[in-house]
Amino acid sequence: MPVHRSGPTRRTPSALIGTLAALLTALLTATFALSGPASADDDPAVGGGTKAVPLHPEEDWAGSQILKHEGGSTTGEPPSDLLATVEGVDVSSHQGNVAWSTLWSSGVKFAYVKATEGTSYTNPYFAQQYTGSYNVGMIRGGYHFALPDNSSGAAQADYFVDHGGGWSKDGKTLPGALDMEYNPYGATCYGKSTSAMVSWIKDFTSTYKSLTGRDPVIYTSTSWWKTCTGNSSAFGGVNPLWIPRYGSSVGELPAGWDFQTIWQYTSSGPTVGDHNLFNGAIDRLKALANG
């Protein structure tokens, strides 16, 4: 019978593999912590597929990128020489619970509420904002913050309709709005060519109409539209325009539109920052709601 002698412990092959794996994981974790997360331009899904959820979708709302990229000067008061306009606001989780009664008493008659972003984010304050505005008497609708490098236009339209962006002919629900603006996470045009961007928007708008029977409103600035769609005129005859410009006039419109339906004229208005003017009297606003 052989005599057992004590000696160094021998690790089995599986134990050695486990140790090496743990060391590799630690090394990768440390490297990532030093370098930070990859930018949107480094993501292999740019231009197609599905990306990880953005870091701060609660910081994206209609116009959140406009002031950063285009600037503007405003007192928060609407121009005094406009005829037949209706005051409105737009809100997102950025505002939290909104004082709708205060806004109604100040003359605000309609609201757009952020419902979704991409295909994974929903506004946690949506119920208070969407139902609250309705309950005080406002005509309201939902809007979707587009991430064209996240997934297809059709997929985002589906997600939007399923999470608050639908429409009903009740006289108080506006058609959903598609927010097309500067990419808060990377390349201005989300890594897309102008023709690919136009195709993405068509994919969204046609899917939304097939699901709801309504053509969605398009929110965009003239500068972004020129840069990222090549100033396409494909939507002006169909989709109502909601344009941001923080100054004394609407200014130049994107190609295809002869007039704006809604003008976001300030990001520093009372009670909530973003205030809008509907281009017409209240009966025309109701007509837009009714389709």
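Structure first, text after, so check above.
My aim in this report is to walk through the structure given alongside it, one point at a time. If you're wondering where the values come from, they're calculated on a predicted model, not measured in any experiment. (Residues numbered from 1 in each chain as written. Predicted model: local features only at pLDDT ≥ 70, side-chain atom pairs only at ≥ 80, totals over all residues. Heavy atoms only, no water.)

**A short note on the overall build of the protein**
Okay, step 1: When helices and strands are tallied, the protein shows eight helices and nine strands.
Okay, step 2: Out of the 291 residues in the protein, the part that is buried amounts to 46%.
Okay, step 3: Of the roughly 13600 Å² of accessible surface on the protein, 56% is carried by carbon and sulfur atoms. (Helix = DSSP H or I, 4+ residues; strand = E, 2+ residues; numbered from the N terminus. Buried < 20%, exposed > 50% of the residue type's maximum accessible area, 1.4 Å probe, protein only. Areas by Shrake-Rupley, 256 points an atom, 1.4 Å probe, with all protein chains shown as cover.)

**Observations regarding the packing of helix α5 (residues 153-162) against helix α6 (residues 194-212)**
To characterise two packed helices, one gives the angle between the axes of the helices and the distance between these axes.
Okay, step 1: Contact pair α5 / α6: the axes reach a minimum separation of 7 Å and the direction vectors enclose 40°. Classified by the angle between their axes, α5 and α6 sit oblique to one another. Every pair of crossing elements has a handedness; the one defined by α5 and α6 is right-handed. For the pair α5 and α6, contact is made by Gly153, Ala154, Gln156, Ala157, Asp158, Phe160 and Val161 and by Trp200, Asp203, Phe204, Thr207, Tyr208, Leu211 and Thr212, respectively. (Axes fitted to C-alpha atoms, helices over the stretch in contact; angles between N-to-C directions. Parallel < 35°, antiparallel > 145°, perpendicular 65-115°, else oblique. Left-handed = near helix turned anticlockwise from the far one by under 90°. Contact = heavy atoms within 4.5 Å.)

**What about the state of the cysteines?**
Okay, step 1: In the structure shown here, the tally under the stated rule is one disulfide.
Okay, step 2: The residue that forms a disulfide with Cys189 is Cys228, at a sulfur-sulfur distance of 2.0 Å. Negative torsions about the S-S bond denote left-handed disulfides, and the value of about -80° found for Cys189 with Cys228 makes this one left-handed. Within this pair, whereas Cys189 is found in the loop between β5 (177-179) and α6, its partner Cys228 is found in helix α7 (residues 222-229), the two being separated by 39 residues in sequence. (Disulfide = S-S within 2.5 Å.)

**A few points about the packing of aromatic side chains**
Okay, step 1: Going through the model one piece at a time under the given rule, you end up with 12 aromatic pairs.
Okay, step 2: One aromatic cluster is present, built from ring pairs that chain together Tyr112, Tyr143, Tyr219 and Trp242.
Okay, step 3: Lying over the aromatic face of Tyr130, Arg140 brings its terminal NZ or CZ to 3.9 Å of the ring centre. (Phe/Tyr/Trp six-rings, centres within 6.5 Å; stacked < 30°, edge-to-face > 60°. Lys NZ or Arg CZ within 6 Å of the ring centre and 35° of its normal.)

**Some words on the nonpolar core**
Okay, step 1: Core analysis: the largest hydrophobic core is formed by 42 residues, its most contacted members being Trp100, Leu103, Met180, Met197, Ile201 and Trp224.
Okay, step 2: Of the residues forming this core, the biggest block, six residues, is contributed by α6.
Okay, step 3: Among all residues touching Trp100, those that are not within four sequence positions of it are Val89, Val91, Ala111, Gln128, Gln129, Gly132, Ser133, Val136 and Met138. (Core = buried A, V, L, I, M, F, W, Y, C linked by side-chain atoms within 4.5 Å.)

**Details of the pairing of strand β4 (residues 139-145)**
Okay, step 1: Across the seven residues of β4, seven count as buried, placing the element largely inside the fold.
Okay, step 2: Side-chain alternation along β4 places Ile139, Gly141, Tyr143 and Phe145 on one buried face and Arg140, Gly142 and His144 on a second face that is also buried.
Okay, step 3: Of the strand pairs in this sheet, strand β2 (residues 110-117) and β4 are connected by seven bridges, and their pairing is parallel. Looking across to β4, one finds that Thr116 is bridged to His144.
Okay, step 4: Summarising the sheet, β4 and β5 pair through three bridges and their orientation is parallel. For His144, the partnering residue across the bridge sits in β5 and is Leu178.
Okay, step 5: What joins β4 to β5 is α5, and the crossover it makes is right-handed. (Pairing = 2+ DSSP bridges. Right-handed = clockwise from strand over helix to strand, strands pointing away.)

**Digging into the environment of Thr212**
Okay, step 1: With respect to the helices and strands, the residue Thr212 is situated in helix α6.
Okay, step 2: Judged by relative accessible area, which is 14%, Thr212 ranks as buried.
Okay, step 3: Ignoring any residue separated from it by four or fewer positions in sequence, one finds Thr212 in contact with Val161, Gly166 and Trp167.
Okay, step 4: In terms of polar contacts, Thr212 uses its side chain to reach the backbone amide nitrogen of Arg214, at 3.1 Å. (Polar contact = N/O pair within 3.5 Å; in protein donor to acceptor, adjacent residues only side chain to side chain.)

**With respect to the pairing of strand β7 (residues 241-244)**
Okay, step 1: Both faces of β7 are covered, namely the face carrying Leu241 and Ile243 and the face carrying Trp242 and Pro244.
Okay, step 2: By the bridge criterion, two bridges tie strand β6 (residues 217-219) to β7 in an arrangement that is parallel. The partner of Ile218 across the bridge, within β7, is Leu241.
Okay, step 3: Handedness of the β6-α7-β7 crossover: right-handed.

Spatial relationships are all this shows, so hold off on functional conclusions.
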